[in-house]
Every structure is written in structure tokens, then in C-alpha cells.
Amino acid sequence: MVIVMRERIMNVEKMLMKKRKKIALVAHDHKKEDLLDWVKFNKYLLSLHELYATGTTGKIIEKAGLKVTRLKSGPLGGDMQVGAKIANGEIDFLIFFWDPLESQPHDPDVKALLRMAVVWNIPAACNRSTADFMISSTIMDKEYERIVPDYENYRQRRL
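### Topic: the overall build of the protein chain
Secondary structure assignment for the protein chain yields seven helices and eight strands. The C-alpha atoms of the protein chain give a radius of gyration of 16 Å, which matches the 15 Å a tight globule of 159 residues would have. For the protein chain, the spread of C-alpha atoms along the principal axes amounts to about 50 × 35 × 25 Å. Residue burial in the protein chain is summarised as follows: out of 159 residues, 42% are buried.

Structure below.
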């Protein structure tokens, strides 16, 4: 498929998201309670999908009774692990309740994680309202082909 973007042609590819989505759940310390409330409210819907979470966020999700693959804590590399999984096509969907009022020691990792979500065009929610819209979407429980830019020209550029 070819799409015209700002007078240049960019090739794109489609990546299939299966009916059972691979969802990453991340929350900063002051947002963990908000995420836990959201997870409890959406427990059944989340149970239909494959869940991943950074360190302590994963621990609270387990306490809510859901199966989750726990990665490292965010500041210890967990955010980077989630970003790598996004880049490798192993995460379809990001729910990241981040704290806009607190500076984080790993702010560059947070920015990199959000950047990966945009680069690879995955749905990403940074607050409860957006997460509500995403989880209740009519395409949440269906296969979905997301469009991803083909970065081959970027990879092959001459330096």
C-alpha cells in the first residue's frame, strides 16, 4: 500500500492485531491506585487478552486476580522492555497512566516508550477516559489491521 504524506510517498505495511490483544499496562506510583480501579472495573474484558506490566504495576494487577507477565520496574528498565516489545511487534496496545505533575528519574525512558507507541502506531491511552474508550471500542474484540509506516528507506539511508 502507498500513502501520500506531505507531498512525499511513503510505503506502509499492515500488521494484524489478533482478537486476543497483547496489552501493556504501566502506571507511575501516584497513578497505580487509578490503574488498579480501572483494572478491577474492566477485569472481565482484560481477562480476554494477554497482559504485560512493569514491576510493581504487575504486582497490583496480579492482586486483582488477573494473569500478567511482569517485566522489570520502570526505572530499572521496564519501560524500555515495553518499548522494545512494541518495536518487535509483541505489544498491540498500551495503557500508561503516567503522572504529569511529578518529575520521574527515568523521564527519558518514559518519553522513549511513548515515542515507540507513536512510531509503531499502536493504540495508547495515558489516562482513564482514553483507556475507557479504547477498551469499550467495537473493534477491541476483533482482528484489526493497523497501518505501520515502512521504515526500510530510513534504515537504508546513507550516512
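Having seen the structure, we can now continue with the description.
### Let's talk about the packing of helix α1 (residues 32-41) against helix α3 (residues 55-63)
Close contact between α1 and α3 brings their axes to 10 Å; oriented N to C, the two are set at 35°. Handedness of the α1/α3 crossing: right-handed. Here α1 contributes Lys 32, Leu 35, Leu 36 and Val 39 to the contact with α3, which in turn contributes Thr 56, Thr 57, Ile 60 and Ile 61. Considering only residue class, the contact of α1 with α3 consists of five nonpolar, two polar and one charged.

### A few points about the nonpolar core
Judged by nonpolar contacts, the single largest core of 23 residues is most densely connected at Leu 25, Trp 38, Ile 61 and Ile 95. Per element, the largest residue contribution to this core is four residues, and it comes from α1. If we skip the residues at most four places from it in the chain, Ile 95 touches Ile 23, Ala 24, Leu 25, Val 26, Leu 35, Trp 38, Ala 125, Ala 131 and Met 134. Residues Tyr 52, Phe 96, Val 119 and Trp 120 belong to the second largest nonpolar core, which totals 17 residues.

### Points about the layout of surface pockets
Remark: the empty space left among the atoms is shown by a probe the size of a water molecule rolled over them. The calculated volume of the second largest pocket comes to roughly 150 Å³. Every residue along the wall of the second largest pocket is listed here: Arg 20, Leu 46, Ser 47, His 49, Glu 50, Leu 51, Leu 66, Lys 67, Val 68 and Thr 69. Those elements that provide at least two residues to the lining of the second largest pocket are α2 (43-47) and β4 (50-53).

### Some thoughts on the packing of α1 against helix α6 (residues 128-135)
As a packed pair, α1 and α6 sit with axes 11 Å apart at the nearest point and diverge in direction by 20°. When the interaxial angle is binned, α1 and α6 end up roughly parallel. Crossing hand, α1 versus α6: right-handed. Facing α1, whose interface residues are Asp 34, Asp 37, Trp 38 and Phe 41, α6 presents Arg 128, Ala 131, Asp 132 and Ile 135. Residue classes in the contact of α1 with α6 are distributed as four nonpolar, no polar and four charged.

### A short note on the pairing of strand β6 (residues 93-97)
A large share of β6 lies buried, amounting to five of its five residues. Of the strand pairs in this sheet, strand β3 (residues 22-27) and β6 are connected by five bridges, and their pairing is parallel. Among the inter-strand pairings, Val 26 is bridged to a residue of β6, identified as Phe 96. Sheet topology places β6 next to strand β7 (residues 124-125); two bridges connect them, and they run parallel. Paired with Leu 94 across the strands is Ala 124, a residue of β7.

### Digging into the environment of Thr 57
For Thr 57, the position within the fold is in helix α3. In this structure Thr 57 comes out as buried when scored by relative accessible area, which is 0%. Placed 75 residues apart in sequence, Thr 57 and Asp 132 show a C-alpha to C-alpha distance of 18 Å. In contact with Thr 57, not counting residues within four places along its chain, are Leu 25, Val 26, Ala 27, Lys 32 and Leu 35.

Conventions adopted
Residues numbered from 1 in each chain as written. Predicted model: local features only at pLDDT ≥ 70, side-chain atom pairs only at ≥ 80, totals over all residues. Heavy atoms only, no water. Helix = DSSP H or I, 4+ residues; strand = E, 2+ residues; numbered from the N terminus. Rg over C-alpha atoms; globule rule 2.2 N^0.38 Å. Buried < 20%, exposed > 50% of the residue type's maximum accessible area, 1.4 Å probe, protein only. Axes fitted to C-alpha atoms, helices over the stretch in contact; angles between N-to-C directions. Left-handed = near helix turned anticlockwise from the far one by under 90°. Contact = heavy atoms within 4.5 Å. Nonpolar A, V, L, I, M, F, W, Y, C, P; charged D, E, K, R; others polar. Core = buried A, V, L, I, M, F, W, Y, C linked by side-chain atoms within 4.5 Å. 1 Å grid on protein atoms, 1.4 Å probe; cavity = no way out; pocket = protein on both sides within 12 Å on 5 of 7 lines; lining within 4 Å. Points joined across faces, edges and corners; volume = space filled by probe spheres on them. Parallel < 35°, antiparallel > 145°, perpendicular 65-115°, else oblique. Pairing = 2+ DSSP bridges.

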